[in-house]
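Per-entry structural report
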Protein chains: 2
Amino acid sequence: MLLANEQPVTAADKTFILLRDDIVEGRIVAGSKLSETELSTKYAVSRAIIREAINRLEACHIVERKANVGARVVALSQQGLIELYQVRESLEGMAARLAAVNMTHEEIDDLMGLLKRHFDEIKDGQSYYQEAGDVDFHYRIILGSKNKHLISMLFDGIYHLVRMYRVQLGMAGPRVTTAYDEHKHIVKAIANRDAELAEMLMRRHIMYSKNSIEAKLS
Amino acid sequence: MLLANEQPVTAADKTFILLRDDIVEGRIVAGSKLSETELSTKYAVSRAIIREAINRLEACHIVERKANVGARVVALSQQGLIELYQVRESLEGMAARLAAVNMTHEEIDDLMGLLKRHFDEIKDGQSYYQEAGDVDFHYRIILGSKNKHLISMLFDGIYHLVRMYRVQLGMAGPRVTTAYDEHKHIVKAIANRDAELAEMLMRRHIMYSKNSIEAKLS
DNA sequence: TATTGCTATATTGTCGACATAATGATGCTT
DNA sequence: AAGCATCATTATGTCGACAATATAGCAATA
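The rules we used
- Residues numbered from 1 in each chain as written.
- Chains lettered and ligands numbered in written order.
- Predicted model: local features only at pLDDT ≥ 70, side-chain atom pairs only at ≥ 80, totals over all residues.
- Heavy atoms only, no water.
- Helix = DSSP H or I, 4+ residues; strand = E, 2+ residues; numbered from the N terminus.
- Buried < 20%, exposed > 50% of the residue type's maximum accessible area, 1.4 Å probe, protein only.
- Areas by Shrake-Rupley, 256 points an atom, 1.4 Å probe, with all protein chains shown as cover.
- Lys, Arg positive; Asp, Glu negative; His and termini not counted.
- Charge placed at Lys NZ, Arg CZ, Asp CG, Glu CD.
- Near = heavy atom within 4 Å.
- Polar contact = N/O pair within 3.5 Å; in protein donor to acceptor, adjacent residues only side chain to side chain.
- Least-squares fit on C-alpha atoms with pLDDT ≥ 70 in both.
- Contact = heavy atoms within 4.5 Å.
- Buried area = accessible area lost by both parts, 1.4 Å probe.
- Salt bridge = Lys/Arg side-chain N within 4 Å of Asp/Glu carboxyl O.
- Pairing = 2+ DSSP bridges.
- UniProt positions renumbered as here; feature names shortened; annotations may be inferred.

Per an unreviewed UniProt entry, chain A goes by GntR family transcriptional regulator and derives from Shewanella subflava.

Right, dumping it as structure tokens:
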């Protein structure tokens, strides 16, 4: 699935996305230094383009930069993952709360349809659910919040980092069936326009997910 | 009071801060277009510097940019304010929750001292409390969360926007004494290490603040 | 008169070169 | 031999110029 509706138009846009994906997918290792000149030859653009891309990556917290020294890809740590999920719990909880108020009936119906497709896939034993389906589910609810800041923070910022942890610490894996039930209850709360419950269930859902990942790391 | 410990070293840093403050304080009007050449003469730097500053402002959601067209200062709207406070409620609620767990005893003592000074100032009828004191109070709790993402999102992003709304829609004003009581209870919850209550109280506190501002706008 | 296509202009996007600060090596001093 | 100062090198920061794109104005046509 394609992230947000970001259609790169300028060279800086394209380079930003290329570089970001190379980092998130681990082709550029976490913690490594980003040399502007090196990258400019690698991606065949001028240093100015690379600088703009790096600046944007810094805003996403994917790289850290020190003045007159350079930029490094962030290092992954258990502490970092925990902090990330704390923010996710907070923001996505609020997203679910707002979605319960702001989603249209059609959007809710679509969400239910998505859930049903997931159910069928699970029955058939397909378990690529986690990566694509789970993300898709969360996306719709976040969009359903209709809150620009929330949407941007999660899509442009948090989610790429989450993905980076997922890919590089290698966590496809289970929690599929239980996650499905949690999703179902969240949708039900949203359909009932129960904002309070929707937020609570979403927060629990993300907490469980965090705990599951943490368990694997230990 | 000075925002975070940002000490600009490069020219782009300085220009970024200058430009940001000019926008936040309303010296550059909301919704207006930002011409790169114009700004580069105004701030006496090259266009590259201005471009970098604008890029950073875009990351803060203070300006919006369209490719090959240019950047505009965001427009202020009641809807925008509401969305901003929804995010604030979410993030600062989580910050209070984490602060209840992660703040040291010394930090909590300091926070109590700050609260006491505020109390004395209120008694003396000084009411610059709102601007400086309130911000300071919230800052300490956010820092107390010890969560890098949370801190960065609020300090580098949300707070400048909140300030922009405060300044430009002209809301110094009351809610001082009631806010003081709310602050007191939040600190008490943190001191008792009651994370759940701290979060709830902080969320209510921000909701009340939002309601108060909304009432003024109508 | 409204609309469409072209052109001129102004603004943004991109580039290569120069300025400046950090880093590591080299040699000197104690 | 260890530590410090100096210098060369390398990378980042900054700049002005050129290229590409959007916008406004004008003219021509239906």
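Next comes the rest of the account.
1. What about the overall build of chain A?
Within chain A, the regular secondary structure consists of nine helices and three strands. Secondary structure elements in chain A, listed N-terminal to C-terminal, are α-β-α-α-β-β-α-α-α-α-α-α. Once the C-alpha set of chain A is aligned to its principal axes, its extents read approximately 55 × 40 × 30 Å. Within chain A, the proportion of its 218 residues that are buried is 50%. With an accessible surface of roughly 10,100 Å², chain A has 54% of that area assigned to carbon and sulfur atoms. Distance from the positive charge centre (29 side chains) to the negative charge centre (30 side chains) of chain A: 3 Å.

2. As for the protein's contact with DNA strand D
Surrounding DNA strand D, one finds 21 residues, the nearest of these being Arg47 and Arg51 of chain A together with Thr10, Ala11 and Ile49 of chain B. When atoms of DNA strand D within 4 Å of the protein are split into backbone and base, the sugar-phosphate part holds 71%. One of the side-chain N or O atoms of Arg47 of chain A is found 2.7 Å from a base nitrogen in DNA strand D. Looking at the surface near DNA strand D, the elements that each hand over two or more residues are β1 (33–34) and α3 (47–59) of chain A together with α1 (11–24) and α3 (47–59) of chain B. The greatest single-element share of the surface near DNA strand D, amounting to three residues, is contributed by α3 of chain B.

3. Examining the relation of the copies chain A and chain B
Its rotation angle being 180°, the transformation that places chain A on chain B also includes 0.0 Å of axial translation and leaves an RMSD of 0.0 Å. Within this description, the copies of the chain are treated as partners about a two-fold rotation axis.

4. Remarks on the interface of chain A and chain B
Each partner contributes residues to the interface: chain A has 31 residues there, and chain B has 32 residues. Both faces considered, chain A and chain B share a buried interface measuring about 2,500 Å² in area, 55% of it formed by carbon and sulfur atoms. Looking only at chain A, the three residues that lose the most surface to chain B are Glu83, His149 and Met153 of chain A, adding up to 22% of its buried area. A salt bridge links Arg203 of chain A to Glu199 of chain B; its shortest N-O distance comes to 2.7 Å. Linking chain A with chain B are eleven residue pairs in polar contact (both at pLDDT 80 or more), by the criterion used here. Within the residue set of the side of chain A that touches chain B, elements represented by two or more residues are α3, α4 (78–102), α7 (148–168) and α9 (195–217) of chain A. If one sorts the elements of the side of chain A that touches chain B by residue count, α4 of chain A sits on top with eleven residues.

5. Re the pairing of strand β2 (residues 63–66) of chain A
Residues and elements named next belong to chain A. Note that β2 and strand β3 (residues 70–73) share four bridges and pair antiparallel. Bridging from a neighbouring strand, Val63 pairs with Val73 of β3. Following β2, the chain reverses through three residues before pairing antiparallel with β3; Asn68 in that reversal takes a positive phi of roughly 65°.

6. Quick notes on the UniProt feature "domain: HTH gntR-type" (unreviewed entry) in chain A
The sites that UniProt annotates as "domain: HTH gntR-type" (unreviewed entry) are residues 9–76 of chain A. Annotated as residues 9–76 of chain A, this span is 50% helix and 15% strand, and its ends, taken at the C-alpha atoms, are 31 Å apart.

7. Section: the side chain of Glu36 of chain A
Residue and element names in this part refer to chain A. Structurally, Glu36 can be placed in helix α2 (residues 36–42). Taking relative accessible area as the criterion, Glu36 reaches 16% and is therefore assigned buried. In terms of polar contacts, Glu36 uses its side chain to reach the side chain of Arg51, at 3.0 Å. Here Arg65 takes part through its side chain, which lies 3.3 Å from a polar atom of the side chain of Glu36.

8. Regarding the sheet that holds β1 of chain A
Residues and elements named next belong to chain A. Strand order in the open sheet formed by three strands is β1-β3-β2, and the pairing between neighbours is antiparallel. Each having just a single partner strand, β1 and β2 make up the two edges of the open sheet. Sheet analysis places β1 next to β3, joined by two bridges and oriented antiparallel. Counterpart to Lys33 in the pairing with β3 is Arg72.

9. Re the sheet that holds strand β1 (residues 33–34) of chain B
Reading across from one edge, β1-β3-β2 (chain B) is the order of the three strands in this open sheet, with antiparallel pairing throughout. In this open sheet, the two strands that pair with only one neighbour each are β1 and β2 (63–66) of chain B.

10. Quick word on the environment of Glu25 of chain B
Residues and elements named next belong to chain B. Along the polypeptide, Glu25 turns up in the loop between α1 and β1. Sequence-wise, Glu25 and Arg72 are 47 residues apart; in three dimensions their C-alpha atoms are separated by 16 Å. Residue contacts for Glu25: discarding those within four places in its chain leaves Arg163, Val167 and Gln168. At a separation of 2.4 Å, a polar atom in the side chain of Glu25 contacts the side chain of Arg163.

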